[in-house]
Amino acid sequence: NESKKEVKLVSIPRDAYVPYSSDISSAMKKDGYYYSAGSSKLNATPYVGRTYVHYSDGKFANSGIDFICAVINNLLPYGCDIDQYVYVDMEGFMDIIDIFGGVYVTCEEVIYDSNGNVVIDKGYQLMDSKTALYYVRHRTRLDENGNNTYTGGDVYRKTNQVKFLAEVASQILTEENLTYSKVTAMLGSLKQNVFHSFGSIEAITEYIDVGLDFAKGNYNISLYVIEGEEFD
């Protein structure tokens, strides 16, 4: 929101239920995919859009991306017209962290593995790409004995993810980094693992201008993790 100088960072759970129409459900049932675990979760929507819907009513010329954008727009009660997208796979995520020589992140608690070993200490610390990836993917809260405490789940992970993005943004979105040449060079070096809809100079420049304003401390970030009722 440029007038209010506010960025709202919203995370939608991957397990959000998508109530597909009978036509889509029937198409999924024909080859048994409808009965696969997770087939009606938001996480599977791009696959459904490409494979069963063959969705073509979108602006990104990518049926999977266009379909999940349409689904999100319908799921949220206030609507959500998505102007651009960036798709980052795990290798791309690590590449970005490596480009900047690691990132500083505040971990709210000690994170243990299943053997009770400390993987990430509590507090503000420099994370390399491997540690950062573990932090944003980790969703099972374990105690010092490696036992599952059965709290949080995907919401726990999403909370860490949005906090991570907010902290890292202030380190990456700097006036030094936000030159057109640096942004385009970085996107070019990441083209194997980072995909986006910025097809023109004008589109990238618009967001660089907002980024520069953010880098000067003119924006506030609010973090939101959407939660819903659980059901079987």
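Structure first, text after, so check above.
Residues numbered from 1 in each chain as written. Predicted model: local features only at pLDDT ≥ 70, side-chain atom pairs only at ≥ 80, totals over all residues. Heavy atoms only, no water.

Section: the nonpolar core
Note on soluble globular proteins: their nonpolar side chains tend to be buried together. Of all hydrophobic cores here, the largest spans 16 residues; its most connected members are Phe93, Val105, Met127, Tyr135 and Phe164. For this core, the secondary structure elements donating two or more residues are α4 (90-99), β3 (103-107), α5 (129-137) and α6 (153-172). With residues up to four places along the chain from it excluded, the contact list for Phe93 reads Val88, Ser129, Ala132, Leu133, Val136 and Phe164. By size, the runner-up hydrophobic cluster in this structure holds 14 residues, among which are Met28, Ala44, Val71 and Ile72. (Core = buried A, V, L, I, M, F, W, Y, C linked by side-chain atoms within 4.5 Å. Buried < 20%, exposed > 50% of the residue type's maximum accessible area, 1.4 Å probe, protein only. Helix = DSSP H or I, 4+ residues; strand = E, 2+ residues; numbered from the N terminus. Contact = heavy atoms within 4.5 Å.)

Regarding the side chain of Lys158
For Lys158, the location among the structural elements is in helix α6. Beyond its immediate stretch of four places on either side in the chain, Lys158 contacts Ser11, Ile12, Pro13, Arg14 and Val225.

Some details on the packing of α5 against α6
The interhelical angle for the contact between α5 and α6, taken along N-to-C directions, is 135 degrees, at an axis separation of 7 Å. Relative to α6, the element α5 is oriented oblique. On the side of α5, the interface is formed by Ala132, Tyr135, Val136 and Arg137, while α6 contributes Arg157, Asn160, Gln161, Lys163 and Phe164. Among the residues forming the contact of α5 with α6, the class breakdown is four nonpolar, two polar and three charged. (Axes fitted to C-alpha atoms, helices over the stretch in contact; angles between N-to-C directions. Parallel < 35°, antiparallel > 145°, perpendicular 65-115°, else oblique. Nonpolar A, V, L, I, M, F, W, Y, C, P; charged D, E, K, R; others polar.)

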